[in-house]
Amino acid sequence: MEKGVKVKEINLERGNPTVEVALRNLVNELSTAKRVGYRALVLVHGYGSSGTGGAIKAAVKAKLGERSLSGIIRSYAGGEEWFSRKREFTESCSQLKDYSPYIDGNRGVTVVLLK
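Cut-offs and rules
Residues numbered from 1 in each chain as written. Predicted model: local features only at pLDDT ≥ 70, side-chain atom pairs only at ≥ 80, totals over all residues. Heavy atoms only, no water. Helix = DSSP H or I, 4+ residues; strand = E, 2+ residues; numbered from the N terminus. Rg over C-alpha atoms; globule rule 2.2 N^0.38 Å. Salt bridge = Lys/Arg side-chain N within 4 Å of Asp/Glu carboxyl O. Phe/Tyr/Trp six-rings, centres within 6.5 Å; stacked < 30°, edge-to-face > 60°. Buried < 20%, exposed > 50% of the residue type's maximum accessible area, 1.4 Å probe, protein only. Lys NZ or Arg CZ within 6 Å of the ring centre and 35° of its normal. Arc of directions from axis to C-beta. Contact = heavy atoms within 4.5 Å.

Focus on the overall build of the protein chain
Moving on, step 1. Counting its secondary structure elements, the protein chain contains 4 helices and 4 strands.
Moving on, step 2. Along the protein chain, helices and strands appear, N-terminal first, in the series β-α-β-α-β-α-α-β.
Moving on, step 3. A globule of 115 residues ought to have a C-alpha radius of gyration of about 13 Å, and the protein chain, at 13 Å, matches this closely.
Moving on, step 4. Its C-alpha atoms give the protein chain principal-axis dimensions of roughly 35 × 30 × 25 Å.

A look at the pattern of salt bridges
Moving on, step 1. Tallied over the full model, the rule gives 8 salt bridges.
Moving on, step 2. Each of the salt bridges in this network shares a partner with another, and the network as a whole consists of K57, K61, E80, E81, R85 and E88.

Observations concerning the packing of aromatic side chains
Moving on, step 1. Within the structure shown, the criterion is met by 1 aromatic pair.
Moving on, step 2. For the pair W82 and F89, a centre-to-centre distance of 5.7 Å together with 65° between the ring planes defines the contact as edge-to-face. For the pair shown, W82 and F89 are each scored as buried.
Moving on, step 3. It is R107 that lies over the ring of Y47; its NZ or CZ is 4.3 Å from the centre.

Looking at helix α3 (residues 82-92)
Moving on, step 1. Among all positions in α3, only W82, R85, F89, T90 and S92 are buried. Across the axial projection of α3, the buried residues extend over an arc of 145°, all falling on one side. Exposed and facing more than 90 degrees away from the buried side of α3 are S84, R87 and E91.
Moving on, step 2. Residues of α3 that are buried in the fold lie against β3 (73-78), α4 (100-103) and β4 (109-114).

This is the structure:
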């Protein structure tokens, strides 16, 4: 990790993975990011082609809420929630301000604050 960099973007839909593979990648990335000192992650999971939210997005949101990750995750918010929660997140990690225009209203991303 570059000195001073506290945010990492992770593309969970790269390579068109199955939901299971995307979730395995998510857990691995969360553990690694916490271990090396990142404060926040911007997860790119896509929104899905159905117009109602894709399988990876739904699975990622469910996984982030699991008790098994409570030692790693402080909080998370989807792009659709970003406008109302931006202040809370940027107070914990000011570098998220750089990502704000990309996140705001983007239903294909979720921001995670790490403990």
